[in-house]
Amino acid sequence: MQFSQLKFVSVLLTRKALGTKQFPSLISRQLHGFYGGKVVGSNNFQLKQSKIGRLSRSIMDSASDSAPKGNGFRLGLVQMNVTEFKNFNLTTANTLIKEAVQGGANIVALPECFNSPYGIQHFKDFAEHIPNGVSSKLMSALAADYKVYIIAGSIPERGDDGRLYNTSVTFSPTGELLGKHRKVHLFDIDVPGKIKFQESEVLEGGDNLTIIETEWCKIGVGICYDIRFPEMAQIYRQKGCDLLVYPGAFNMTTGPAHWQLLQQARAVDNQVYVATISPARNEKAGYVAWGHSMVVNPWGTIVVEAPEEQKVVFADIDLDYIKQVRSQIPVSTQKRTDLYQLATLKD
Ligand SMILES: NC(=O)CCC(=O)C(=O)O
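In this text, all values refer to a predicted model and were calculated from it rather than measured experimentally. (Residues numbered from 1 in each chain as written. Predicted model: local features only at pLDDT ≥ 70, side-chain atom pairs only at ≥ 80, totals over all residues. Heavy atoms only, no water.)

### Quick word on the pattern of salt bridges
One pass over the full model with this rule turns up 14 salt bridges. Here Arg-163 makes a salt bridge to Glu-204, at a shortest N to O gap of 3.8 Å. Linking Arg-163 in the loop between strand 3 (149-158) and strand 4 (164-171) with Glu-204 in the loop between strand 7 (195-198) and strand 8 (210-213), this pair joins segments that are 41 residues apart in sequence. The salt bridge partner of Asp-242 is Arg-326, with a shortest N-O separation of 3.1 Å. Here Asp-242, found in strand 10 (residues 241-247), pairs with Arg-326, found in helix 9 (residues 319-328); they are 84 residues apart in sequence, far enough to count as distant. One connected set of salt bridges, linked through shared partners, spans Glu-112, Lys-183 and Glu-199. (Salt bridge = Lys/Arg side-chain N within 4 Å of Asp/Glu carboxyl O. Helix = DSSP H or I, 4+ residues; strand = E, 2+ residues; numbered from the N terminus.)

### Observations regarding the pairing of strand 9 (residues 218-221)
Every other side chain in a regular strand lies on the same face of the sheet, so the side chains alternate between the two faces. In this sheet, strand 9 lies alongside strand 8 in antiparallel orientation, the contact comprising four bridges. Its bridge partner being in strand 9, Ile-211 is matched across the sheet by Gly-220. Taken together, strand 8 and the strand that follows it, strand 9, pair antiparallel across an intervening segment of four residues. Between the parallel pair strand 9 and strand 10, the chain is carried across by helix 7 (residues 230-238), and the sense of this crossover is right-handed. (Pairing = 2+ DSSP bridges. Right-handed = clockwise from strand over helix to strand, strands pointing away.)

### Re the site of the ligand
In the vicinity of the ligand, the contacting residues are Glu-112, Tyr-118, Lys-183, Phe-187, Cys-224, Tyr-225, Arg-228, Ala-249, Phe-250, Asn-251, Thr-254 and Tyr-287. Arg-228 places a polar side-chain atom, nitrogen or oxygen, 2.6 Å from an oxygen atom of the ligand. Within the side chain of Asn-251, one N or O atom sits 3.0 Å away from an oxygen atom of the ligand. Relative to its unbound accessible area of 290 Å², the ligand is 100% covered by the protein chains. (Near = heavy atom within 4 Å. Polar contact = N/O pair within 3.5 Å; in protein donor to acceptor, adjacent residues only side chain to side chain. Areas by Shrake-Rupley, 256 points an atom, 1.4 Å probe, with all protein chains shown as cover.)

### Regarding the sheet that holds strand 10
Working definition: the strands of a sheet are paired by backbone hydrogen bonds and lie parallel or antiparallel to each other. Read across the open sheet, the six strands follow the order 8-9-10-11-12-13; overall the sheet is mixed. Only two strands of the sheet have a single partner each, and these edge strands are strand 8 and strand 13 (302-305). Within this sheet the neighbouring strands show an average axis-to-axis angle of 20 degrees, counted without direction. Judged from the three bridges that link them, strand 12 (residues 294-296) and strand 13 form a sheet pairing that is antiparallel. Looking at strand 13, one finds that Met-294 is bridged to Glu-305. (Axes fitted to C-alpha atoms, helices over the stretch in contact; angles between N-to-C directions.)

### Examining unusual backbone geometry
The residue after Ile-130, namely Pro-131, is reached through a cis peptide bond having omega 10 degrees. Structurally, Pro-131 is set in the loop between helix 5 (120-126) and helix 6 (134-146). If you check the backbone angles, Cys-113 has positive phi at about 50 degrees while not being a glycine. Within the secondary structure, Cys-113 is located in the loop between strand 2 (107-109) and helix 5.

### Thoughts on the nonpolar core
Core analysis: the biggest nonpolar cluster contains 27 residues, and Val-78, Ile-97, Phe-114, Met-139 and Ile-150 have the highest contact counts within it. Contributing elements (two or more residues each) for this core: helix 4 (86-102), helix 6, strand 3 and strand 4. Among residues more than four places away in sequence, those in contact with Ile-97 are Val-78, Val-108, Leu-110, Met-139, Leu-142, Tyr-146 and Ile-150. In this structure, Leu-243, Ile-277, Ala-306 and Ile-322 belong to the second largest nonpolar core, which totals 24 residues. (Core = buried A, V, L, I, M, F, W, Y, C linked by side-chain atoms within 4.5 Å. Buried < 20%, exposed > 50% of the residue type's maximum accessible area, 1.4 Å probe, protein only. Contact = heavy atoms within 4.5 Å.)

### Quick notes on a nonpolar patch on the surface
Among the surface-exposed residues, Trp-299, Ile-329 and Val-331 lie close enough to one another that they form a single nonpolar patch of about 260 Å² accessible area. Taking the relative accessible area as the measure of exposure, Val-331 reaches 32% and is therefore partly exposed. (Patch = residues over 30% accessible without salt bridge, like charges linked within 9 Å, V, L, I, M, F, W, Y side chains within 5 Å.)

### Points about helix 9
Looking only at helix 9, the buried set comprises Leu-319, Ile-322, Val-325 and Arg-326. Down the axis, helix 9 shows its buried residues gathered within 120 degrees of arc, on one side only. For helix 9, exposure combined with an orientation more than 90 degrees from the buried face picks out Lys-323 and Ser-327. In this fold, the buried residues of helix 9 make contact with strand 1 (72-79), helix 7, strand 10, helix 8 (254-270), strand 11 (273-277) and strand 14 (311-318). Taking the backbone nitrogen of Asp-320 as reference, a side-chain oxygen 3.0 Å away marks Asp-318 as the first, capping residue of helix 9. (Arc of directions from axis to C-beta.)

### Comments concerning the packing of aromatic side chains
Here the distance between the centres and the angle between the planes together describe a pair of aromatic rings. Scanning the model with the defined rule gives 10 aromatic pairs in all. A network of ring pairs unites the aromatic residues Tyr-118, Phe-123, Phe-187, Phe-197, Tyr-225, Phe-229 and Tyr-287 as a single cluster. A cation over a ring is seen here: Arg-182 above Tyr-165, with NZ or CZ 3.7 Å from the ring centre. (Phe/Tyr/Trp six-rings, centres within 6.5 Å; stacked < 30°, edge-to-face > 60°. Lys NZ or Arg CZ within 6 Å of the ring centre and 35° of its normal.)

### Observations regarding the state of the cysteines
Counting across every chain of the model gives zero disulfides. The cysteine Cys-113 is free of any disulfide, with Cys-224 supplying the nearest cysteine sulfur at 9.4 Å. Owing to a relative accessible area of 2%, Cys-113 belongs among the buried residues under this scheme. Residue class for Cys-224 comes out buried when judged on its relative accessible area of 7%. (Disulfide = S-S within 2.5 Å.)

Have a look at this one:
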């Protein structure tokens, strides 16, 4: 599907979802930054692809001043509002990816369920085929147009087997699909009086770990609850990852208790950078996300933390700093593999 066709489908679907009366006012509120994002130009869905090409080149030119110095790259985290209208969510993602590119991001990451509200009652209706669905097509087109990597948070996926998965796709700066991660550990918890959630009622778990190769480093991808499983992060480190990215949607119970703690634990244990990307908090949603998208460095220090509302934040990933921390505290070469070992059972 061409980008222009995609735009057409998207606008039509948005109109259908919102009703023609609501559509212009919601979109124009979006365009005027009603939701807090810095907005440049007009709605991308209404631009021709060639025009987007020119726009992205000028954005890239102006961003080069703020590009990270030294050995590394800039990561842009898109903490976005997610509504019950898929096409409105895609428009928001589109606008904020542009903002991330303008801020000099080389890699842009979105939240868990960026095209759909997070809730088992929604997954079936919002599910798409990957990579032929509208969300994947849009992400691929934007990655190619802006010449950036896009780690496209996650979306509910309808697999070829007819089952539903919670899946993250990553596109290269040429728009090529580099990796597809199906959430491995499903979020099934019961904290009495606080939160009960059973993803496994409607979703299947994935069977693979996912490493993305970039020109700077390898990136291990997990989705939200996956961060609670240290073995997965350790395997990523063993396989040479320097950055772990977890699109996630913690909640108002486990968010304040564990979001930052888990991220710092994975970062310090493995001496890697760890990034988490949440939807913005919406107190009126059925599931209230914690927000606070974050990057932690290999020393365990928070490099950047978003607030609760919609915002794009940036972190420079310094590959020399990783080497420095690993040589100062060389735990990876001090492991007692005569006493214990971590086995990978499947590639
Ligand atoms: N979407 C998720 O997997 C939520 C995970 C979560 O909140 C947790 O505490 O773990």
